[in-house]
Every structure is written in structure tokens, then in C-alpha cells.
Amino acid sequence: MAAGTQCKQYPPTLLSFFIYNPKFGPKEGEEEKKILFYYPNEQEKNEKIRNVGLCEAIVQFTRTFCPTKPAKSLHTQKNRQFFHEPEENFWMVMVVRNPMIEKQSKDGKPVAEYQEDEILDTVYNAVLQQCYSMYKLFNGTFLKAIEMGGAEILKQRLEKFFFRYLQTLHLQHCDLLDVFGGISFFPLDKMTYLKIQSFINQMEESLGLVKYTAFLYNDQLIWSGLEQEDMRTLYKYLTTSLFPRHSESEVRV
């Protein structure tokens, strides 16, 4: 194969992910206090502060044009940044490297071509929103943690949760299903379905501690007593995190 036709493809990659609150470090010299979580943690402190400050400036600038709808994304040739304010003054930012094709030029030097159109804002904004929904499902709101023990408690919870959760994000496989939060249902005949529903009702009646129940067969849902949005979040967790880890452990055994 000629050198000029050789190429390598690189999928979208998570470059950084951070959460900040501009109210926590309003004075000069206190900028680091704004940062509640930052991935990768080994990033140099001044670089973290610079990146958070840049995002804060972008959000404030766009609010001058539309106060109720600040920026949701920023496009550059190499990267795409996504912004989400799940609670007042709490901002989540996800920076994704655009897919890239690396080709060899005639003189043998690599030339990068970024595929900007391959990244859909609606898809990755939904992924960022799912990050918050997943955290909230297991830990409650950011404000709740602040009220319980201040910023340090929140930082500890964010570190514990997102250190693991971010490893389950497979950005190259994200698609419109992430936007709609689709759930796969297991098809059953009417009598079998009614038997399962009866079993769940009897269980919840006899076990007072059980408030809500979800019944699944492998990774397909049969019955759920949860609110729809909560079930979507739980289903996403089960099918992308818990079930795959369980399957891997079975294979190792």
C-alpha cells in the first residue's frame, strides 16, 4: 500500500470532565475553590483553573445575548465542549476530542483530519445530562451534599462516584438512543405478565421495606413501579455498568 493512502482512525475521546460553582471562589486568588471535581485529576492546577475560567467566561458571554439560555456547546476544530447547569450555579463541563483520521503525506509525515461533523450536540448533551441523573440517583442533589457537610463532602462524593462512572462512558458508541433514553422490553404473553405482576404485588405487600420494584430478564425490562425518568436512569446504569461487570466476573470464573 502506498504511503500516501495509509491512515488511522481515532474515535471521539473524553479529554476532560469537570464540575464547578463560580460562587465558591469569587475573589482573585481563590479560583481553585470553584472546582469541585476535575478529570483527569493529574492535570496541573493552573491548567485546571484556566480551563474552568474559560468555560465560565463563555457561559457569561453567551448570557448577555440570552440570559435564560446560556451556551450548551462550543465547537472548535479539534474539540467539542458541552455545558450543563443541573442546579443553580453548579456547572458540569465535558470536553470531547473530535474523531480524527491520521493520514500519511507524500513525505511520510502524519496529517490529522478532524471529523467535526461526526459529533452530534444532541447526543453528547444527553450524555452529560445522564451523568448528573446517574449521580443524583445514588447520591441526591449537589445542594443536599453542601447542606449536609459543605463543599468537602460534595467533593468526596463526586470523586467517589465519577472516578468509576467516567470509565463506563464509551463515547464512540453514543447515538440517538442516549437522547431518548430507550428501554428494551421483554415480550411476554398476557398470562405470564399477570403472574409476574401478581408476584410483585404480593412481595411488596409482605415486605414493607420494599417501596419500588423493577423486574428484568437479563437486560430487558418486564415490569417497573418507578417513575419513568428514574427507571430510564436506573436502566442505563444496569445495562452499561452493573450487568457488564457481572458478566465479566462470570467469564473469569
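Residues numbered from 1 in each chain as written. Predicted model: local features only at pLDDT ≥ 70, side-chain atom pairs only at ≥ 80, totals over all residues. Heavy atoms only, no water.

Novice: Explain the environment of Phe61 residue by residue, including any values.
Specialist: Locating Phe61 in the fold gives a position in helix α1 (residues 45-63). A relative accessible area of 52% places Phe61 in the exposed class. Along the sequence, Phe61 and Ala71 sit ten residues apart, while their C-alpha atoms lie 8.7 Å from each other. (Helix = DSSP H or I, 4+ residues; strand = E, 2+ residues; numbered from the N terminus. Buried < 20%, exposed > 50% of the residue type's maximum accessible area, 1.4 Å probe, protein only.)

Novice: Please provide a residue-by-residue account of a nonpolar patch on the surface, values included.
Specialist: On the surface, Leu120, Leu176, Val179 and Phe180 cluster together to form a nonpolar patch covering roughly 380 Å² of accessible area. Inspection of the secondary structure assignment puts Val179 in helix α4 (residues 176-180). Look at Val179 and you get partly exposed, because its relative accessible area is 32%. (Patch = residues over 30% accessible without salt bridge, like charges linked within 9 Å, V, L, I, M, F, W, Y side chains within 5 Å. Areas by Shrake-Rupley, 256 points an atom, 1.4 Å probe, with all protein chains shown as cover. Salt bridge = Lys/Arg side-chain N within 4 Å of Asp/Glu carboxyl O.)

Novice: Just give me the short version of the pairing of strand β10 (residues 220-224), but keep the residues and values in it.
Specialist: As judged from the four bridges shared by strand β9 (residues 214-217) and β10, these two strands associate in the antiparallel manner. For Tyr217, the partnering residue across the bridge sits in β10 and is Gln220. Counted along the chain from β9 to the antiparallel partner β10, the turn is two residues long, and its residue Asn218 has a positive phi close to 55°. (Pairing = 2+ DSSP bridges.)

Novice: Lay out the environment of Tyr20 with the relevant residues and their values.
Specialist: As for its placement among the helices and strands, Tyr20 is situated in strand β2 (residues 13-20). Taking the relative accessible area as the measure of exposure, Tyr20 reaches 1% and is therefore buried. Here the alpha-carbon distance between Tyr20 and Val52, two residues 32 residues apart in the chain, equals 7.4 Å. Tyr20 has contacts with Lys34, Ile35, Leu36, Val52, Cys55, Glu56, Val59, Asn89, Phe90, Trp91 and Val93, leaving out every residue within four places of it along the chain. (Contact = heavy atoms within 4.5 Å.)

Novice: Explain the sheet that holds strand β3 (residues 35-39) to me, using residue names and the numbers behind them.
Specialist: One open sheet holds the five strands; their spatial order is β3-β2-β6-β5-β4, and the pairing between them is antiparallel. A single partner strand is all that each edge strand has here, and the edge strands are β3 and β4 (73-75). Neighbour to neighbour, the strand axes of the sheet diverge by 10° on average, direction disregarded. Pairing geometry for β2 and β3, over four bridges, is antiparallel. The partner of Ile19 across the bridge, within β3, is Phe37. Sheet strands in contact with α1 are β2, β3, β4, β5 (79-87) and β6 (90-97), and its direction is about 75° off that of β2. Helix-sheet contacts for helix α3 (residues 142-165) involve β2, β3, β5 and β6, and the interaxial angle to β3 is about 5°. (Axes fitted to C-alpha atoms, helices over the stretch in contact; angles between N-to-C directions.)

Novice: Describe the sheet that holds strand β7 (residues 100-104), with residues and values.
Specialist: Pairing in this open sheet of three strands is antiparallel, and the strands run β1-β7-β8 from one edge to the other. Where the open sheet ends on each side, the last strands, each with one partner, are β1 (7-10) and β8 (110-114). Adjacent strand axes in the sheet meet at a mean angle of 20° when their direction is disregarded.

Taken by themselves, the reported measurements are silent on function.
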